[in-house]
Amino acid sequence: MLRLDGTLVAKTRRERLSAEIQEFHKKTGIAPGLAVVLVGDDPASQVYVKNKIKTCEQVGIKSFASFLPAATTEEQLLSKVRELNQDKNVHGILVQLPLPKHIHEEKILDVLDPRKDPDGLTAANLGLFWSGRTRVAPCTPTGVMKILEHFKIPIAGKRAVVVGRSNIVGRPMAHHLTNANATVTVVHSKTPDVSSITRDADIVVVAAGKERFLGKLDFKKGVVVIDVGMHRPQTGSFAGKLCGDVRYEELEGWAIAATPVPGGVGPMTIQMLMENTLQLAKLANS
Ligand code: GUN
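Residues numbered from 1 in each chain as written. Predicted model: local features only at pLDDT ≥ 70, side-chain atom pairs only at ≥ 80, totals over all residues. Heavy atoms only, no water.

Colleague: Please explain the pattern of salt bridges as it appears in this structure.
Modeller: Between side chains of opposite charge, a pair can form as their charged atoms come close. The full count for this structure, using the stated rule, is twelve salt bridges. The partner of arginine 82 in a salt bridge is glutamate 75, with the nearest N and O atoms 3.4 Å apart. Under the relative-accessibility criterion, arginine 82 is labelled partly exposed at 39%. You can call glutamate 75 partly exposed: its relative accessible area is 47%. For aspartate 113, the salt bridge is made with arginine 115, and the minimal N-O distance between the two is 3.1 Å. Aspartate 113 gets classed as buried once you look at its relative accessible area, which sits at 14%. Overall, the relative accessible area of 57% leaves arginine 115 in the exposed class. (Salt bridge = Lys/Arg side-chain N within 4 Å of Asp/Glu carboxyl O. Buried < 20%, exposed > 50% of the residue type's maximum accessible area, 1.4 Å probe, protein only.)

Now the structure itself:
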């Protein structure tokens, strides 16, 4: 089984991106800037945000971090986003999701300037992506496409199944795969007998948000499995460790290729965020 090493793909692309950022800076005098906003103290989100800030430093993107308390009101967060919309040094604003329950995600995304949306999650950017005029596309599914590209996994004409239908992963993932000429089926939490559908697929992207949910017998022999899940179980044999939506260890000798967790999709999400931020800085300057 080929291990689809996202850390490796991210590193290769990061080196290229650092050079591009340097060149952009030399030409324009502009350092791309990314504002990272985290509300509350969810430990997983804190780790993700710290990794994003660290990667900014590595590639030459200026980061502006705002750590806001869990009690931040929706109005206070909207003010923060409006302030960052106006900040000339900021080319991308990342509001880490999920937000605390009392804050409505759509309200925040509706105020965020789409020209400063490196996640590609505002209605304007999703609309452009959907209609084939992409400004920036959502990071995780785009990162998955780059992994498939890097390892030369054939997509055209293949049957692909996406498990999950979120705006951030499942739906844009299905759109990307359709554009790449796969025949795509989306299954979700209300689909009866998910396994009967995933077993038919050449490529399965699992973004179910369910810890170690699928294993060998849910796939056909020779499948390519992409695992978008990220969990740290409290109990069981994976207690305190990271694991995905798929029981990766079962795939050896069965799947033809699969992404591990950690070290698969995760590093690519961050890499795409960095690439999108440069893209937005370039657009702001054009
Ligand atoms: N939470 C989990 N993944 C992401 C992501 O890609 N972007 C944002 N903003 N929040 C996330």
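Once the structure has been displayed, the description carries forward.
Colleague: How do you make sense of the site of the ligand when you look at a structure like this?
Modeller: For the ligand, the full set of nearby residues is Leu94, Val95, Gln96, Leu97, Asp119, Ile168 and Thr269. Here a nitrogen atom of the ligand sits 2.9 Å away from a polar atom, N or O, in the main chain of valine 95. In the model, a nitrogen atom of the ligand is placed 2.8 Å from a nitrogen or oxygen of the leucine 97 main chain. Residues belonging to the shell around the ligand are distributed by class as follows: four nonpolar, two polar and one charged. (Near = heavy atom within 4 Å. Polar contact = N/O pair within 3.5 Å; in protein donor to acceptor, adjacent residues only side chain to side chain. Nonpolar A, V, L, I, M, F, W, Y, C, P; charged D, E, K, R; others polar.)

Colleague: Help me out: how do you make sense of the sheet that holds strand S2 (residues 33-39) in this one?
Modeller: In a beta sheet, neighbouring strands are held together by backbone hydrogen bonds and run either parallel or antiparallel to one another. Strands sit in the order S3-S2-S4 across an open sheet of three strands; the sheet is parallel. Here the strands that pair on one side only, and so sit at the sheet edges, are strand S3 (62-68) and strand S4 (92-95). Adjacent strand axes in the sheet meet at a mean angle of 15°, parallel and antiparallel pairs treated alike. Along the sheet, helix H2 (residues 43-59) contacts S2, S3 and S4; its crossing angle with S2, the most-contacted strand, is approximately 165°. Along the sheet, helix H3 (residues 74-86) makes contact with S2, S3 and S4, crossing S4 at roughly 160°. (Pairing = 2+ DSSP bridges. Helix = DSSP H or I, 4+ residues; strand = E, 2+ residues; numbered from the N terminus. Axes fitted to C-alpha atoms, helices over the stretch in contact; angles between N-to-C directions. Contact = heavy atoms within 4.5 Å.)

Colleague: How should I be thinking about the environment of asparagine 181 in this particular structure?
Modeller: Tracing the chain through its elements places asparagine 181 in the loop between helix H7 (170-179) and strand S6 (183-187). Asparagine 181 sits in the exposed class, given a relative accessible area of 52%. Residues asparagine 181 and lysine 221, spaced 40 residues apart in sequence, show a C-alpha to C-alpha distance of 22 Å. Once residues lying within four places of it in the same chain are set aside, the contact partners of asparagine 181 are Ile155, Ala156, Gly157 and Lys158.

Colleague: What should I look at first to understand H3 in this one?
Modeller: Between the first and last C-alpha of H3 there are 19 Å, a value that for 13 residues agrees with the 18 Å anticipated at 1.5 Å per step. All of the buried residues in H3 are Glu74, Leu77, Leu78, Lys80, Val81, Leu84 and Asn85. Burial along H3 is one-sided: seen end-on, the buried residues are contained in an arc of 160°. Structurally, H3 contributes buried residues whose contacts are with S2, S3, S4 and helix H4 (105-111). (Expected span 1.5 Å × (residues − 1). Arc of directions from axis to C-beta.)

Colleague: Looking at this model, I keep getting lost on a nonpolar patch on the surface. Mind explaining?
Modeller: A surface patch of nonpolar side chains, about 230 Å² in accessible area, is lined by Val47, Tyr48 and Met230. With respect to the helices and strands, tyrosine 48 occurs in helix H2. Overall, tyrosine 48 belongs to the partly exposed group, its relative accessible area being 31%. (Patch = residues over 30% accessible without salt bridge, like charges linked within 9 Å, V, L, I, M, F, W, Y side chains within 5 Å. Areas by Shrake-Rupley, 256 points an atom, 1.4 Å probe, with all protein chains shown as cover.)

Colleague: Would you mind showing me how to read the side chain of serine 195 here?
Modeller: Within the element layout of this structure, serine 195 appears in helix H8 (residues 194-198). Engagement of the side chain of serine 195 in a polar contact is seen with the side chain of arginine 199, the distance being 2.9 Å. Those residues in contact with serine 195, other than ones at most four positions away along the chain, are Leu217 and Asp218.

Colleague: Help me understand the environment of arginine 232 in this model?
Modeller: With respect to the helices, strands and loops of the structure, arginine 232 is situated in the loop between strand S8 (224-227) and strand S9 (257-258). Counting along the chain gives 19 residues from arginine 232 to leucine 251, while the straight-line C-alpha distance between them is 20 Å. Filtering out sequence-adjacent residues up to four positions away, arginine 232 remains in contact with Gly240, Lys241 and Leu242. Side-chain polar atoms of arginine 232 contact the backbone oxygen of glycine 240, separated by 3.2 Å.

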